[in-house]
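# Analysis of the macromolecular model
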Amino acid sequence: MKRSMGLLLVVLFICQTAVLAQPRRGTKSFSGTISGYVFDEVSKVPIEYANIILYSLRDSTQITGTITDSKGFFKLEEVRGGRYLLEVDFIGYAKKRLPGIRVTPRNPEVTVGHIFLTPVAIEGETVEVEAERVPVTYQLDKKVINVSKQATSLSGTAVDVLENVPSVEVDIEGNVTLRGSGSFTVLIDGRPSILDPNEILQQIPASSIESIEIITNPSAKYDPDGVAGIINVILKKNKLRGVSGLVHLNAGNKERYGGDFLLSYRSKRFTLNLAADYYRRRRPGRNEMQQNTFRDGVTFYSYSSGDANMVIKPYSFRGSVDVNLGPWGVVSVGGRMGSRTLDRGYTLHYQRWTSFEPERMSSISVFDWARAGNYYDLNLDYQHRWPRRNHKLLARLVFSGTDSREESSDQMWNESDSLVDGKISRESGPITGWLFKAEYSRPLTENDLLELGYQFRLRNSSTSKRLYDYVPAESDYVFQPLFSYDSRFERQIHSLYTQVSSRLAQLEYQVGLRSEYTYRQTRVTGEERYTIDRWDYFPTLHLSYRIWGPYQVMASYTRRINRPRDWWLEPYLNWVDSYNVYRGNPALEPEYV
């Protein structure tokens with residue numbers, strides 16, 4: 001009801017603004033802007049849909065107005081020169097007025113900064129109030145994004161939600177960086193995914209997500225992988241008694257459509273969740289690049305431009321059963337399986353010339369890249385809680401796997417539409433993994449908490465790569481054994497951690513230590529083996545000091561690790577296209593920050 005009333009007020013406000021916001025005679029010819037942010041005085045979170053009204057200070061007539069967005073930001077444009085009064089208002093808050101705002105030729109862009117509205121209590125008869133969670137909440141070691149409040153992102157994926165989150169950036173192809181780094185870990189309901197972080201984020205529909213946790217400085221209980229931190233995606237689970245369900249359908253321009261559903265049954269003893277999702281997204285674009293290469297006093301020029309296209313088509317099924325064993329705890333069995341298809345391609349028109357031979361030569365490059373495969377994960381959880389708060393035991397076993405198939409084709413055509421060069425690269429191979437984790441936490445006193453844990457991780461992968469070159473004399477693609485190979489990768493990680501949390505008056509702290517033993521072996525064609533056998537240590541420290549009221553100062557220290565990915569360890573030339581190759585290093589050691 002609160003949302004419907006808010007939308008009605010917005011519509012009435014816009015209609016009123018359209019009538020009253022007419023140019024007045026006698027104003028100056030130049031115009032400017034007035035912008036700022038609106039926040040809740042108590043929770044310090046942005047207020048969305050707050051009314052912003054601008055009045056003339058001379059005769060109190062309304063000039064224009066707008067509303068705030070999800071970040072609490074507003075901007076009034078095309079404001080003619082003069083003196084104004086700005087009024088900020090929202091249901092449940094005390095109205096605030098800012099007089100003396102001047103738009104002048106010397107100051108055409110006025111910024112009023114942060115405006116804080118104070119919640120007010122309304123006395124009256126007994127009423128039922130439905131509260132809505134704020135979009136972003138901040139905790140000691142993480143930010144929590146309530147996805148249900150991100151209405152503009154619900155038709156997209158987890159990537160679309162992250163576009164509006166502080167410390168996260170998303171490029172035009174949907175690749176995510178956390179704090180400027182692509183090295184981060186993605187968890188699904190607290191469990192690691194077998195897929196690449198960007199790949200899994202591009203496949204999860206936003207409508208099936210309850211919340212997303214951004215853990216930029218994780219404590220010792222979390223895996224230290226990923227120098228930038230952890231993104232934990234919490235999926236929806238219905239908590240209503242009996243049978244209930246949710247269905248979402250969406251469609252948009254550029255051939256985008258999809259849907260998902262969640263069906264639940266909940267009783268005192270059992271909880272059953274079944275869900276599925278499918279969507280298709282197309283990202284058209286344009287590719288343009290210029291390269292200059294200098295060698296032996298000669299400059300080589302290359303310019304290319306053309307259209308690009310990317311299509312993502314994933315689907316998945318997931319389910320879980322929770323059994324309440326009474327005083328013995330809760331057992332959960334669940335799984336997720338799905339398939340993904342990612343196609344990317346472009347057609348580029350090339351022009352090449354040199355400083356020695358300025359005559360330009362033209363050609364056309366056609367590039368196609370496709371990745372497909374199925375994935376799955378099965379999990380068994382057991383949780384036991386004692387009557388005392390935070391006294392609990394958790395055990396988890398996860399098995400996951402994927403079969404990946406990848407193929408790229410790069411063709412070069414001359415001005416006579418004849419194929420003069422081309423490469424086809426094929427890659428396939430399964431990846432499997434096991435995870436076992438046991439955690440125990442026990443409060444020592446009312447303010448002290450001790451946590452202990454052990455974890456084992458195993459990852460095995462096999463890769464088969466084949467390269468084919470186009471031979472004009474044979475008008476066919478020929479297998480290239482020198483650039484084709486098979487490799488195997490195995491990694492075991494044993495982890496032990498302990499951490500203590502406590503509070504002393506206004507000071508809260510958490511100190512922890514995690515130790516890990518890693519065994520890694522890479523085998524390539526010819527039975528060459530490269531092994532790493534080592535221990536690593538990861539201390540953590542989190543501090544929070546409450547100054548007064550809701551104000552506090554926080555600081556933290558952690559040590560993180562960026563482990564080499566499988567393809568970084570392959571010691572052979574890998575062709576990206578006809579002009580770009582890369583070679584891995586099987587002895588590559590991890591990076592620390």
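Residues numbered from 1 in each chain as written. Predicted model: local features only at pLDDT ≥ 70, side-chain atom pairs only at ≥ 80, totals over all residues. Heavy atoms only, no water.

### Remarks on the overall build of the protein chain
The number of helices and strands found in the protein chain is three helices and 34 strands. When burial is assessed residue by residue, the protein chain has 41% of its 593 residues classed as buried. Counting only carbon and sulfur atoms, one obtains 55% of the accessible surface of the protein chain, whose full area is about 32500 Å². (Helix = DSSP H or I, 4+ residues; strand = E, 2+ residues; numbered from the N terminus. Buried < 20%, exposed > 50% of the residue type's maximum accessible area, 1.4 Å probe, protein only. Areas by Shrake-Rupley, 256 points an atom, 1.4 Å probe, with all protein chains shown as cover.)

### Observations regarding the side chain of Thr558
Looking at the element boundaries, Thr558 is found in strand S30 (residues 551-558). Among the residues examined, Thr558 registers a relative accessible area of 10% and is labelled buried. Within the structure, Thr558 has its side chain in polar contact with the side chain of Asn217 (distance 2.6 Å). Residues in contact with Thr558, not counting those within four places in the same chain, are Asn217, Pro218, Pro539, Thr540, His542 and Val593. (Polar contact = N/O pair within 3.5 Å; in protein donor to acceptor, adjacent residues only side chain to side chain. Contact = heavy atoms within 4.5 Å.)

### Comments concerning the pairing of strand S23 (residues 392-413)
Across 22 bridges, strand S22 (residues 361-385) lies against S23 in antiparallel orientation. Within S23, the residue paired with Ile364 across the bridge is Trp413. Inspection of the sheet shows S23 paired to strand S24 (residues 419-443) by 22 bridges, in the antiparallel sense. Pairing of Lys392 across the sheet is with Ser441, part of S24. (Pairing = 2+ DSSP bridges.)

### A few points about the nonpolar core
If you look at the biggest cluster of nonpolar residues, it comprises 27 residues, and the most contacted ones within it are Leu162, Leu201, Ile212, Ile214 and Ile231. Put simply, the parts of the chain that give this core at least two residues each are helix H2 (158-162), strand S11 (176-178), strand S12 (185-188), helix H3 (197-201), strand S14 (209-215) and strand S15 (230-235). The leading source of residues in this core is H2, at four residues. The residues touching Leu201, leaving out its near neighbours within four places in the chain, are Thr157, Ala158, Val159, Leu162, Val176, Phe184, Val186, Ile231 and Val233. Of all hydrophobic cores here, the second largest spans 19 residues; its members include Val38, Val79, Tyr84 and Leu86. (Core = buried A, V, L, I, M, F, W, Y, C linked by side-chain atoms within 4.5 Å.)

### A look at the sheet that holds strand S1 (residues 31-40)
On the basis of which strands lie adjacent, the open sheet formed by three strands has the order S4-S1-S7 and mixed pairing. Each edge of the open sheet is held by one strand with a lone partner, namely strand S4 (73-80) and strand S7 (109-117). The mean inter-strand angle of the sheet, taken between neighbouring strand axes irrespective of direction, is 20 degrees. Inspection of the sheet shows S1 paired to S4 by six bridges, in the antiparallel sense. Looking across to S4, one finds that Tyr37 is bridged to Phe73. (Axes fitted to C-alpha atoms, helices over the stretch in contact; angles between N-to-C directions.)

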